[in-house]
Amino acid sequence: MENEKILENLEKVGFGRKEAEVFLELIKNPGANGSQIAKTLGYPRTTVYQNLDILQKKGYINSYLDKEITFYETMDLNEIFENYKKNVDSATKFLKDELNKVNVSGKQKQFYNLNSFDDIKDRFKSILKKAENLVYINTNLDLFEFEKDFKSLKERGVRVVIFSFNKTEYKTLEVETYIRDSFNKNITDSEKRLMVAIDSTAAIIGSNYEGKFCGTYSENRLLVNIVTEHIKNDIHLMKLENRFGKDINKIITLDF
């Protein structure tokens, strides 16, 4: 078990699995040759020699000849990992500084598939954390599992506007709610949906399609604006209906 943990952590610092196994074997048996390592690990000699060559090029091991046989030993471990730490710190600082300066072209991927209900919920929670001013939501999902997220939004002063066809009491969430009662009904799994837009930066569209809950996440400004206007129009229509009666639907409905 201890060996497995060592191997897992060697992988975390950039070793391939077989590299890690060969490296650990050399720590246990310094001065071993390739054939001895291959026999102990149960790998073909070609595999072991390939990994020995990689480790030597990385500066982790050294080799020497004795009677025409090549033997291997690890370099000083403290030096190896101190150099590794310095290289990682230097590379991390460089990348952090330089990647932020990179000009992103207009061809970057702007739409991301969400392939399950859990994917949609995870993305929903993540964009709520990014909201700074305003969140629009149109859904018939149970939002109470996100109560902590809504509480955080309120603490940050973010306005949350929820529109729904499903009559649900959202007072405990302390959000701005609009319910269109004329369409109120029991919602089945096949009718569940979620539309959300935050500020003018990101949007999610998700629904149960052909028996599978799926959706799209996007930072495309056009789509974000479409989602925002869709939700706002639903609210405006609901207000018209409340003011002029439910027959307003017959007046404004287009026949196609």
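Before any of the text, the structure's been laid out above.
Definitions and limits used
Residues numbered from 1 in each chain as written. Predicted model: local features only at pLDDT ≥ 70, side-chain atom pairs only at ≥ 80, totals over all residues. Heavy atoms only, no water. Helix = DSSP H or I, 4+ residues; strand = E, 2+ residues; numbered from the N terminus. Buried < 20%, exposed > 50% of the residue type's maximum accessible area, 1.4 Å probe, protein only. Polar contact = N/O pair within 3.5 Å; in protein donor to acceptor, adjacent residues only side chain to side chain. Contact = heavy atoms within 4.5 Å. Core = buried A, V, L, I, M, F, W, Y, C linked by side-chain atoms within 4.5 Å.

Caption draft 1: Quick peek at the side chain of Asn33. Mapped onto the elements, Asn33 comes out in strand β1 (residues 32–33). Residue classification places Asn33 among the buried residues on the basis of a relative accessible area of 10%. Only 3.1 Å separates the side chain of Asn33 from the backbone nitrogen of Ser35, close enough to count as a polar contact. A distance of 2.8 Å separates the side chain of Asn33 from the backbone nitrogen of Gln36, its partner in a polar contact. Beyond its immediate chain neighbours, meaning those up to four positions away, Asn33 contacts Ile69, Thr70, Phe71 and Tyr72.

Caption draft 2: Main features of the side chain of Asn140. Note on placement: Asn140 falls in the loop between β5 (134–139) and α7 (147–155). Separated by 3.0 Å, the side chain of Asn140 and the backbone nitrogen of Arg193 make a polar contact.

Caption draft 3: Summary view of unusual backbone geometry. Although it is not a glycine, Lys67 adopts a positive phi angle of roughly 55°. Examined against the element boundaries, Lys67 turns out to sit in the loop between β2 (61–66) and β3 (69–74). Despite not being glycine, Glu68 has its phi angle at roughly 65°, a positive value. Its location among the elements puts Glu68 in the loop between β2 and β3. Residue classification places Glu68 among the exposed residues on the basis of a relative accessible area of 80%.

Caption draft 4: Highlighting the nonpolar core. Core analysis: the largest hydrophobic core is formed by 25 residues, its most contacted members being Phe124, Val135, Ile137, Phe150, Val160 and Ile204. Here this core takes four residues from helix α6 (residues 117–130), the largest share from any one element. Ignoring anything within four residues of it in the chain, the contact list for Val135 reads Leu128, Val158, Arg159, Val160, Val161, Val196, Ala197 and Ile198. Counting residues in each nonpolar core, the second largest holds 18 residues, with Leu7, Ala32, Tyr72 and Ile80 among its members.

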